[in-house]
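Each chain, written out:
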Amino acid sequence: MNQINATSLLNQIRTLGADLQPIQTSPEPPKAEFSDMLKNTLNAVNDAQQHAAHLKTGFETGTSDKSLAEVMIAGQKANLSFRAVTEVRNKLVTAYQDIMNMPV
């Protein structure tokens, strides 16, 4: 039966450890805060509405080269995004009210 020499084992571990390369880990992605996500979403909806209004004004005055279809599509996109944000807000309010009405 072989005896394990502690110093010999330690030397072997150090030799093998020197050959190993450290594992490269990717940095953690930044964690998005809910308030930042909400702010970005509201800004995107606002931008879509302003873009649609700008296209509409340009089409009405004849200063834009956009077609009626492009103006209508931009308006519908802005309307749809606004309705989606409104529905999310309604769901958040309902969830908040449900939590506040829970018995403790």
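Peer 1: What is the right way to look at the packing of helix H2 (residues 34-61) against helix H3 (residues 68-100) in this model?
Peer 2: A pair of packed helices is captured by two measures, namely the crossing angle of their axes and the spacing between those axes. At a closest axis distance of 9 Å, the pairing of H2 and H3 adopts a crossing angle of 150°. As judged from the angle between their axes, H2 and H3 are roughly antiparallel. By crossing handedness, the relation of H2 to H3 is classed as left-handed. Of the residues in H3, those in contact with Phe34, Thr41, Leu42, Val45, Ala48, Gln49, His51, Ala52, Leu55, Lys56 and Phe59 of H2 are Leu68, Glu70, Val71, Ala74, Gly75, Ala78, Ser81, Phe82, Val85 and Leu92. Here the residues of the contact of H2 with H3 sort into 14 nonpolar, five polar and two charged.

Peer 1: Would you take a moment to explain a nonpolar patch on the surface for this structure?
Peer 2: Where nonpolar side chains cluster on the molecular surface, the patch consists of Phe34, Met37, Leu38, Leu42, Val88 and Leu92 and spans about 550 Å² of accessible area. A per-element tally of the nonpolar patch places H2 first, with four residues. As for its position among the elements, Phe34 is in helix H2.

The rules behind these values
Residues numbered from 1 in each chain as written. Predicted model: local features only at pLDDT ≥ 70, side-chain atom pairs only at ≥ 80, totals over all residues. Heavy atoms only, no water. Axes fitted to C-alpha atoms, helices over the stretch in contact; angles between N-to-C directions. Helix = DSSP H or I, 4+ residues; strand = E, 2+ residues; numbered from the N terminus. Parallel < 35°, antiparallel > 145°, perpendicular 65-115°, else oblique. Left-handed = near helix turned anticlockwise from the far one by under 90°. Contact = heavy atoms within 4.5 Å. Nonpolar A, V, L, I, M, F, W, Y, C, P; charged D, E, K, R; others polar. Patch = residues over 30% accessible without salt bridge, like charges linked within 9 Å, V, L, I, M, F, W, Y side chains within 5 Å. Areas by Shrake-Rupley, 256 points an atom, 1.4 Å probe, with all protein chains shown as cover. Salt bridge = Lys/Arg side-chain N within 4 Å of Asp/Glu carboxyl O.

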